[in-house]
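Listed below are the residues making up each chain.
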Amino acid sequence: MKRFDSTVTELQPVASDYFRITFQWPVTLPLPQPGCFLTVSAGSGFDPALRRPFAFSDVDPARGTAAFIFQRRGRGTAWLAERRPGDSLDVLGPLGAGFRAPPSGARPVLVAGGIGLGPMLFLARQLHQTAAAGRNEVPILVLGYRSASQAPSVDLPPGSVICTDDGMRGFHGSAVAYLDQLADALPPYYYACGPVAMMAAIDRLAAARAGQADWQAATEQWMACGVGACQGCVIPFKDGGFKRCCADGPVFNGRMVDWVGLQE
Amino acid sequence: MKRFDSTVTELQPVASDYFRITFQWPVTLPLPQPGCFLTVSAGSGFDPALRRPFAFSDVDPARGTAAFIFQRRGRGTAWLAERRPGDSLDVLGPLGAGFRAPPSGARPVLVAGGIGLGPMLFLARQLHQTAAAGRNEVPILVLGYRSASQAPSVDLPPGSVICTDDGMRGFHGSAVAYLDQLADALPPYYYACGPVAMMAAIDRLAAARAGQADWQAATEQWMACGVGACQGCVIPFKDGGFKRCCADGPVFNGRMVDWVGLQE
Amino acid sequence: MDLRVNIGGLTLANPVGVASGTFGYGDEYAGLFDIDRLGALYTKAVTPEARAGNRTPRLADTPAGMLNSIGLANPGLDSFITDKLPALRQRRCAVIVNVAGTCPEEYQAVVERLETVEGLAGYEINISCPNVKAGGLALGTDLKLVESLTRRLRDCRQRPERPLIVKLSPNVTDIAEIARAAEAGGADAVSCINTLVGMVIDVQKQRPVLAMGTGGLSGPAIRPVGVACVYKVSRAVGIPIIGLGGIGCLDDALQYFLAGASAIQIGTALFRRPECALEILDGLAPWLEANHLSSVTEIKRLLKV
Amino acid sequence: MDLRVNIGGLTLANPVGVASGTFGYGDEYAGLFDIDRLGALYTKAVTPEARAGNRTPRLADTPAGMLNSIGLANPGLDSFITDKLPALRQRRCAVIVNVAGTCPEEYQAVVERLETVEGLAGYEINISCPNVKAGGLALGTDLKLVESLTRRLRDCRQRPERPLIVKLSPNVTDIAEIARAAEAGGADAVSCINTLVGMVIDVQKQRPVLAMGTGGLSGPAIRPVGVACVYKVSRAVGIPIIGLGGIGCLDDALQYFLAGASAIQIGTALFRRPECALEILDGLAPWLEANHLSSVTEIKRLLKV
Ligand SMILES: Cc1cc2nc3c(=O)[nH]c(=O)nc-3n(C[C@H](O)[C@H](O)[C@H](O)COP(=O)(O)OP(=O)(O)OC[C@H]3O[C@@H](n4cnc5c(N)ncnc54)[C@H](O)[C@@H]3O)c2cc1C
Ligand SMILES: Cc1cc2nc3c(=O)[nH]c(=O)nc-3n(C[C@H](O)[C@H](O)[C@H](O)COP(=O)(O)OP(=O)(O)OC[C@H]3O[C@@H](n4cnc5c(N)ncnc54)[C@H](O)[C@@H]3O)c2cc1C
Ligand SMILES: Cc1cc2nc3c(=O)[nH]c(=O)nc-3n(C[C@H](O)[C@H](O)[C@H](O)COP(=O)(O)O)c2cc1C
Ligand SMILES: Cc1cc2nc3c(=O)[nH]c(=O)nc-3n(C[C@H](O)[C@H](O)[C@H](O)COP(=O)(O)O)c2cc1C
Ligand code: FES
Ligand code: FES
């Protein structure tokens, strides 16, 4: 990991209030893996004061760039949405431990809700590549949206499924409802990133399926240091303990996370 | 006066660390006069928190623009120096009372030091126009710099004098030394804007010349509201009182200002 | 939507006021927004005699805030009444006079005299100004003094319809204790917070930026402190609380209402964006409607803790 | 240029330290800059028993600052010694342990036990944490308790070369008084300031952002408060002062030295720009030279007031 001043190469709207930002990623740094994240400093002064964390959505070693997809929500992301090619970007990364490989013989089922899009896209592309090399089964990427208009215009890998609550596009219902009715010869192995309510529902589903004692959840928590020093970003676990999202995660076995405690 | 979101039309370097910024000035607003100022909000958050005051250097009613010249000094002006055409600029103005006309029969002698350049240029151009219309004598603009390299590349009105401490350009010596040796058929009437030490020296000169009981000083003081409400920006007067730079000034009779108290 | 709030018997048209010392005596901002729409205007402090205020510089810029050491500069009681009050009376918003002095007798002199004139809505007792040697902060940190000063002013007041609002300092170990002392002395309301004591040093000049050394810290930087103080005080007293400190937008104001405030004041943020006071006012009614509330004082009940 | 400073008998290689709670136990930032160049590393608080810390969320973002309510999460004294200390001992910088507890006996248990192990440079006594129910802040606001706790720890200490540094809270009416109590109890130095009590309310969710309600405000927002406290304390005590609160660059550090600090700590600003600690260190020697000084402790003499 390193803190450095990168340069923005592209800022692209991908849906209403969603953007993909691409920036230089020096070859001297480790290549970010799916599930890993970076933090950026927003604004020129100390308002806002804390760096903002984002999960990588993409890395292009040939061009020496990396990218993340973000939603404009508050001051930090409003500032990000105003960046233009050539602007500098204060980056700290790569941070955190990414996703682990799926167990053999299981179907990697990737679920993305909201701002979970970026890391899931990144993972889906990687699992398609490793599937082509025979290292795992072909993954399915499931994306859930309230309405068709929220679905992003990004290149989805083959076999991706869009679910909309209003039924105007793809599967009519939530991503979790889709998982529930999914019939597959292979047992599913879940990866997910999205709102806590969605994660909790996936956890219940995983618990209900005898075959799956473990699934991989990319978690989120307010962060200060991003490197494991401040104990600020902890995620509650079902055993009553806490683990640091930034340094012990952000990817955890979803069965272990106390989703109710996190929601509170 | 009004607070509004203007748009930057040009940002031009005029000397090392000096810039002229031009921005839209709606026709519906009063035309700024020389000596008047505006405040701008720097940065997207509240760091820095206070608006920054600058004196108008120019106004172009035909194009609907106004301008000021600024020196990059700290966070606020560093942010300003990064503006580009099309960027928005949060402006509050026009503020303050500008320069009054010179007494008839006297020579308007305008002295600018450092960031005093903008308002003095503006005043010089206006006094040349009114001189052409026979309303006052032709002004002289005197600019003082430490070295020739600091002298700005701006169009100076005819008859302007550049003074440099190193003697590499124009008069060899300070602007005040130039005033001291200036021989003119007409009695001088001073207008000045610049460092307190320069202002104090001009005040001594004005006091020494029997003919001049009054001269016009454009003062500076840290400001918070800029509109006369907070009492923060007061300038000490020789009679022991204070006057608000923003609302009672920024132009005062230089003979009345307590330059020693201001310097402290 | 009815935005009226009651502060110790005084009904304000709405809960949005502008803070003492940041709004002069009302005229200065007249060109920038419609002052008459404000619920209340808290004047710069008024003392018995005119005060020139502290030496300059009186201001310093700090991260998300500022320091001031104005030092209660004001034209004095007589001039306030003859020169400032006539224009203030024309305002449709309630005019609340911020009262200061060096000793209890001076506070009393101001209130007694103001009781004889028409056109004022109430008194805000400034026992918390960090920028003066005598009175001010020293007074506001002593429980007995707070209670006795409040009682003294209460006793000399002839017009009970003018609330006595005691303005609290955050520069104390326990602000709730001070609030209780004010309540015990008969205060109709408290406002909190005044500024925090702070200092900025000019490293180049190797001396404090402010001529007086220290000053009062205000602005968004202190908002979390102000919200915590209002929350704490609201658990300690039964009288209404007027919240302030770093409010600049509707969200900030709502934090104070949720914490327990019945009304708010906007200070430093006016310097950045004068019209924010009306933007906050305009946002209140829609927010109340969206949250199915019929008055501002109900907001505090929403807070889950 | 000699940057060494003496804190109660302990010589630090330079006056730049990293603040308790913002730097873990040292390893986490190792990849980002050369930790060994620091003058001192103040550990996260150590208590006798392991503590999981407070419920989440524990952080909130504020203008030019942040709130935390970590709640002294730490692995406990035993685990600190067996799991954290071995790596800390390898550090070339002085390791100062931040000590906390719920009662004087707990503080004493920590110090007594740490006196039996090698590789530590001193103790910072945290009597000022606003994020725990017992101990912490309550302790740090009572003059008698501060003095007696300091004396108790002083008496149980076997190694006088390890300074006892009492960490002061700004959440008091008079911080100088508390500093004098610490000095009277035998403290070798004081550090100031810890965080200010603050609260941020999530208006959407209508509850405090922090699970615990209030938390500690840190970062550039509080720097003027920290500088004012150091200035005030430096006029009240003769022991060295370690200044902190919102330091992020050389200019900020110099403000603290001018105000009277002999050493500094950097906390929240590390989160934004970790290497700022070394940038400050690298700027010190050139600044001293340019100002014709031969040591950091001379800086305070430059202040004109
Ligand atoms: C490991 C990790 C990966 C993330 N990846 C992405 C991503 O790929 N794309 C994306 O759009 N967002 C991602 N987020 C969330 C992102 O950090 C927040 O949306 C962003 O910080 C909001 O900043 P703001 O200033 O615009 O909003 P603010 O106004 O500060 O806050 C808006 C809301 O965002 C949330 N938020 C703010 N700061 C944080 C933070 N430090 N940590 C967690 N939540 C926060 C809070 O719920 C807050 O109410 C990720 C967060 C984490 C922890
Ligand atoms: C009426 C008036 C007219 C001015 N006209 C011009 C102008 O035409 N061109 C120009 O370059 N500058 C002008 N200034 C000064 C200008 O306001 C400051 O240089 C600017 O605010 C510095 O901001 P900063 O954030 O870059 O610097 P900071 O880092 O904040 O400060 C750098 C230095 O600038 C001075 N300064 C900062 N803020 C203020 C303030 N609010 N008021 C006065 N001095 C301040 C201080 O001495 C400070 O040490 C004028 C000031 C006033 C009061
Ligand atoms: C320039 C200035 C002058 C002030 N003068 C007074 C005053 O005369 N009386 C008073 O009670 N408070 C005074 N205050 C404090 C404010 O009324 C308010 O309590 C404080 O600034 C916090 O609110 P804010 O962060 O919204 O500014 C002053 C504040 C500022 C910035
Ligand atoms: C996340 C976090 C955790 C902290 N934990 C402790 C602690 O355990 N013990 C302590 O004495 N201070 C603790 N502090 C306070 C800091 O050491 C420091 O006093 C305060 O943050 C002010 O400095 P700063 O503005 O540079 O951060 C903590 C601060 C933060 C931000
Ligand atoms: S953000 Fe500091 S430990 Fe995770
Ligand atoms: S800046 Fe407020 S009175 Fe001039």
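Just so you know, these numbers come straight off a predicted model, no measurement behind them. (Residues numbered from 1 in each chain as written. Chains lettered and ligands numbered in written order. Predicted model: local features only at pLDDT ≥ 70, side-chain atom pairs only at ≥ 80, totals over all residues. Heavy atoms only, no water.)

So, the overall build of chain A
Part 1 of the argument: What chain A contains, in helices and strands, is 5 helices and 15 strands.
Part 2 of the argument: By the compact-globule yardstick of 18 Å for 264 residues, chain A fits well, its C-alpha radius of gyration being 18 Å.
Part 3 of the argument: Summarising its shape, the C-alpha atoms of chain A cover approximately 50 × 40 × 40 Å along the three principal directions.
Part 4 of the argument: By the burial criterion, 57% of the 264 residues in chain A qualify as buried.
Part 5 of the argument: With 23 positive and 22 negative side-chain charges, chain A shows a separation of 3 Å between the mean positions of the two kinds. (Helix = DSSP H or I, 4+ residues; strand = E, 2+ residues; numbered from the N terminus. Rg over C-alpha atoms; globule rule 2.2 N^0.38 Å. Buried < 20%, exposed > 50% of the residue type's maximum accessible area, 1.4 Å probe, protein only. Lys, Arg positive; Asp, Glu negative; His and termini not counted. Charge placed at Lys NZ, Arg CZ, Asp CG, Glu CD.)

Examining the site of ligand 4
Residue and element names in this part refer to chain D.
Part 1 of the argument: The environment of ligand 4 is formed by 22 residues, the closest being S20, K167, G219, G246 and T268.
Part 2 of the argument: N126 has a polar side-chain atom sitting 3.0 Å from a nitrogen atom of ligand 4.
Part 3 of the argument: Backbone polar atom of G246 to an oxygen atom of ligand 4: 2.7 Å apart, as the coordinates give it.
Part 4 of the argument: Coverage of ligand 4 by the protein amounts to 99% of the 600 Å² it exposes when considered alone.
Part 5 of the argument: Along the lines of polarity and charge, the residues of the shell around ligand 4 split into 6 nonpolar, 14 polar and 2 charged. (Near = heavy atom within 4 Å. Polar contact = N/O pair within 3.5 Å; in protein donor to acceptor, adjacent residues only side chain to side chain. Areas by Shrake-Rupley, 256 points an atom, 1.4 Å probe, with all protein chains shown as cover. Nonpolar A, V, L, I, M, F, W, Y, C, P; charged D, E, K, R; others polar.)

Remarks on the packing of helix 1 (residues 77–89) of chain D against helix 2 (residues 104–114) of chain D
Residue and element names in this part refer to chain D.
Part 1 of the argument: Their axes nearest at 10 Å, the elements helix 1 and helix 2 cross at an angle of 30°. As summarised for this structure, helix 1 and helix 2 are arranged roughly parallel, according to the angle between their axes. For the crossing formed where helix 1 meets helix 2, the hand is right-handed. Here helix 1 contributes L77, D78, F80 and I81 to the contact with helix 2, which in turn contributes A109, V110, R113 and L114. (Axes fitted to C-alpha atoms, helices over the stretch in contact; angles between N-to-C directions. Parallel < 35°, antiparallel > 145°, perpendicular 65-115°, else oblique. Left-handed = near helix turned anticlockwise from the far one by under 90°. Contact = heavy atoms within 4.5 Å.)

Digging into the nonpolar core
Soluble, globular proteins show a tendency: their nonpolar side chains are buried together.
Part 1 of the argument: Ranked by size, the top nonpolar core spans 308 residues in total, and within it C:Y29 and D:Y29 carry the most contacts.
Part 2 of the argument: Each residue touching C:Y29, except ones within four places of it in the same chain, is listed here: B:C225, B:V227, B:A229, C:T22, C:F23, C:I35, C:L270, C:F271 and C:P274. (Core = buried A, V, L, I, M, F, W, Y, C linked by side-chain atoms within 4.5 Å.)

Concerning the interface of chain C and chain D
Part 1 of the argument: Listed by partner, the interface residues are 40 residues for chain C and 40 residues for chain D.
Part 2 of the argument: Taking both partners together, chain C and chain D bury about 3,200 Å²; carbon and sulfur atoms supply 68% of that area.
Part 3 of the argument: For the chain C face of the interface with chain D, the top three residues by lost area are C:M199, C:V203 and C:Q206, together amounting to 21%.
Part 4 of the argument: At the boundary of chain C with chain D, the tally comes to 11 residue pairs in polar contact (both at pLDDT 80 or more).
Part 5 of the argument: Elements represented by at least two residues in the side of chain C that touches chain D include exactly strand 11 (196–198), strand 13 (207–208), helix 6 (223–234) and helix 7 (250–259) of chain C.
Part 6 of the argument: Per-element tally for the side of chain C that touches chain D: the top contributor is helix 6 of chain C, with 6 residues.
Part 7 of the argument: Residues belonging to the side of chain C that touches chain D are distributed by class as follows: 26 nonpolar, 9 polar and 5 charged. (Buried area = accessible area lost by both parts, 1.4 Å probe.)

Topic: the site of ligand 1
Residues and elements named next belong to chain A.
Part 1 of the argument: If you check the shell around ligand 1, you find 19 residues, and the closest are P53, I69, R73, G76 and T77.
Part 2 of the argument: G76 is positioned such that a nitrogen or oxygen atom in its backbone is 2.7 Å from an oxygen atom of ligand 1.
Part 3 of the argument: One nitrogen or oxygen atom from the side chain of T77 is found 2.4 Å from an oxygen atom belonging to ligand 1.
Part 4 of the argument: Coverage of ligand 1 by the protein chains reaches 86% of its 840 Å² of free accessible surface.
Part 5 of the argument: Ranked by residue count, the leading element in the shell around ligand 1 is strand 4 (residues 52–60), at 4 residues.
Part 6 of the argument: Looking at the shell around ligand 1, its residues break down into 9 nonpolar, 6 polar and 4 charged.
Part 7 of the argument: Residues lining the shell around ligand 1 come from more than one domain, with at least three contributed by each of domain 1 (2–95) and domain 2 (107–263). (Domains from an automatic or database assignment.)

So, the sheet that holds strand 3 (residues 16–18) of chain C
Residues and elements named next belong to chain C.
Part 1 of the argument: Read around the barrel, 8 strands follow the order 3-4-7-8-9-10-15-16 and close on themselves; strand pairing throughout is parallel. Looking at each pair of strands side by side, their axes are set apart by 25° on average, direction ignored.
Part 2 of the argument: In this sheet, strand 4 (residues 40–42) lies alongside strand 3 in parallel orientation, the contact comprising 2 bridges. Across the sheet, the residue bridging to V18 is L41, located in strand 4.
Part 3 of the argument: Across the sheet, helix 2 (residues 104–114) lies against strand 7 (94–99) and strand 8 (122–126), angled at about 170° from strand 8, the strand it touches most. (Pairing = 2+ DSSP bridges.)

Observations regarding the pairing of strand 5 (residues 65–71) of chain A
All names here are of chain A.
Part 1 of the argument: In terms of burial, strand 5 is largely enclosed, as 6 of its 7 residues are buried.
Part 2 of the argument: Direction of pairing for strand 4 relative to strand 5: antiparallel, over a ladder of 4 bridges. Residue D58 lies in a different strand from strand 5, and its bridge partner there is A67.
Part 3 of the argument: Hairpin connection between strand 4 and strand 5: a loop of 4 residues separates the two successive antiparallel strands, and G64 in this loop has a positive phi of roughly 70°.

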